[in-house]
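# Report on the structure
Residue strings, one per chain:
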Amino acid sequence: VGFDRNINYYKIQYAQLCLNENADCQFIATNMDRVTHLTDSQEWAGNAAMVGAIKGCTGREPIVVGKPAPLMIDYIAEKYGIADRARICMVGDRLDTDIAFGRNNGLKTCLTLSGVTSEPELLGDAPRKAGTEGIEPDSYVKSINDFFSPTVCKAE
C-alpha cells in the first residue's frame, strides 16, 4: 500500500480480497506517515490512512518497508559492510519519519528546517505535531544548502 490520491472503495475491496483470499499474498506498506504535505498551506491525510483501511478490513499488520522501519538501512549497511551505523547520518525534514528512522537504527541525525518541521516546533516554542513528541535530532540546519559552500558546488 502506497500513497494514493485516488483511493476508493473498489481499491480497498480489491486489496482485501487479495489478502484474505490468497494465503501467500503479503501486505506491504511503503510507510505509515499520518499526514503528507501536498501543499505548503495544509496537511493532507497520509499513507497511514490508506494502510489503516486495509488493516481494518483484513485484520492483518503490514510489513513496512519505508522510514522509520529498518529494512532500508539493514540492506545498505550489509551491502556496504558498514558495521558502525553511527558513521551514517540520516538527513531529513520530518521528526516522525526521517529522524525517528535514524534514531531507531543507530544513525546520527540531522534535521533540515526547509520542510515539514519548523524551528519553533523543534525548540519547543510551538506545539509539536502528534507523533513527534520526544524525537530529537543530533543536529539541525536551516536548509540542505547549509551542507554546501558556493565554492564546492561551483560549476566549471
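Structure: above.
Residues numbered from 1 in each chain as written. Predicted model: local features only at pLDDT ≥ 70, side-chain atom pairs only at ≥ 80, totals over all residues. Heavy atoms only, no water.

## Regarding the pairing of strand β5 (residues 89-92)
Here β5 shows a clear split, with Met90 and Gly92 buried on one side and none of Cys89 and Val91 buried on the other. In this view, the connection linking β5 to its parallel neighbour strand β6 (residues 108-112) by way of helix α4 (residues 95-104) has right-handed handedness. (Buried < 20%, exposed > 50% of the residue type's maximum accessible area, 1.4 Å probe, protein only. Helix = DSSP H or I, 4+ residues; strand = E, 2+ residues; numbered from the N terminus. Right-handed = clockwise from strand over helix to strand, strands pointing away.)

## Examining helix α1 (residues 9-21)
The first and last C-alpha atoms of α1 sit 18 Å apart over 13 residues, in line with the 18 Å expected at 1.5 Å per residue. All of the buried residues in α1 are Ala15, Gln16 and Leu19. Each buried residue of α1 lies within a common arc of 100 degrees when the element is viewed along its axis, so the set occupies one face. Residues Tyr10, Tyr14 and Glu21 are exposed on α1 and point more than 90 degrees away from its buried face. Buried residues in α1 make contact with α2 (47-58). Sitting at the amino-terminal end of α1 is asparagine 8, which places a side-chain oxygen 3.0 Å from the backbone nitrogen of tyrosine 10. (Expected span 1.5 Å × (residues − 1). Arc of directions from axis to C-beta. Contact = heavy atoms within 4.5 Å. Polar contact = N/O pair within 3.5 Å; in protein donor to acceptor, adjacent residues only side chain to side chain.)

## A closer look at the state of the cysteines
In this structure the tally under the stated criterion is zero disulfides. No disulfide involves cysteine 57; its sulfur sits 11 Å from that of cysteine 18, the nearest cysteine. No disulfide involves cysteine 89; its nearest neighbouring cysteine sulfur is the one of cysteine 110, lying 5.4 Å away. (Disulfide = S-S within 2.5 Å.)

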